[in-house]
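Residue strings, one per chain:
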Amino acid sequence: MELTCIMCPVGCTLKVEKNGEDIIVTGNACPRGAEYGAKEITAPERIVTTVKNYKNGTICLKTDRPIPKKLIDEILREIARKKVPEKIYIGDIFIKNILNTKSNIVVTEINL
Ligand code: SF4
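Worth saying up front: this structure is predicted, and the values here are computed from it rather than measured. (Residues numbered from 1 in each chain as written. Predicted model: local features only at pLDDT ≥ 70, side-chain atom pairs only at ≥ 80, totals over all residues.)

Chemist: Run through the sheet that holds strand 8 (residues 93-95), naming residues and quoting values.
Modeler: Strand order in the open sheet formed by 4 strands is 5-6-9-8, with antiparallel pairing between adjacent strands. One side of each edge strand has no neighbouring strand; the edge strands of this open sheet are strand 5 (49-54) and strand 8. Pairwise comparison of adjacent strand axes, ignoring direction, gives a mean angle of 40° for this sheet. The pairing of strand 8 with strand 9 (residues 105-111) spans 2 bridges and is classified as antiparallel. Residue pairing across strands places Ile93 opposite Val106, the latter belonging to strand 9. Across the face of the sheet, helix 2 (residues 72-81) comes into contact with strand 5, strand 6 (57-63), strand 8 and strand 9 while running at roughly 15° to strand 5. (Pairing = 2+ DSSP bridges. Helix = DSSP H or I, 4+ residues; strand = E, 2+ residues; numbered from the N terminus. Axes fitted to C-alpha atoms, helices over the stretch in contact; angles between N-to-C directions. Contact = placed C-beta atoms within 7 Å.)

In structure tokens, the structure reads:
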């Protein structure tokens, strides 16, 4: 598998291969790339961002830590289902520990 490391702006092209139980990462200029490549092939994670309507505008929401990539659709459905409270502020937790991931959905922006 070939992929681009997203851990810093350099964007090294990584080659990730499985050899039995071993995972071999090449192309990384630093150890963070090796860690990222290994994680991508075993348990990929992502920060999720989304937007919801709020009054006459929108609020921007984001997970406060990476969540398993396979849960993204379910998390977006959870966020869509939850009603936005009447009063909300930047930094508020919109959903705590979503789907038991230990990640909170936080308000990052309010546009009215
Ligand atoms: S491998 Fe290291 S230097 Fe290269 S993009 Fe990833 S974090 Fe940056």
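Chemist: Describe in detail the environment of Ile47, supporting the description with residues and values.
Modeler: Relative to the assigned elements, Ile47 resides in the loop between strand 4 (45-46) and strand 5. Of the residues examined, Ile47 has 11 C-beta atoms within 10 Å and is grouped as exposed. As for Ile47 and Pro66, which are separated by 19 residues in sequence, their C-alpha atoms are 4.4 Å apart. For Ile47, the residues in contact, after removing those within four places along its chain, are Lys62, Thr63 and Pro66. (Buried ≥ 20, exposed ≤ 12 C-beta atoms within 10 Å, placed from the backbone.)

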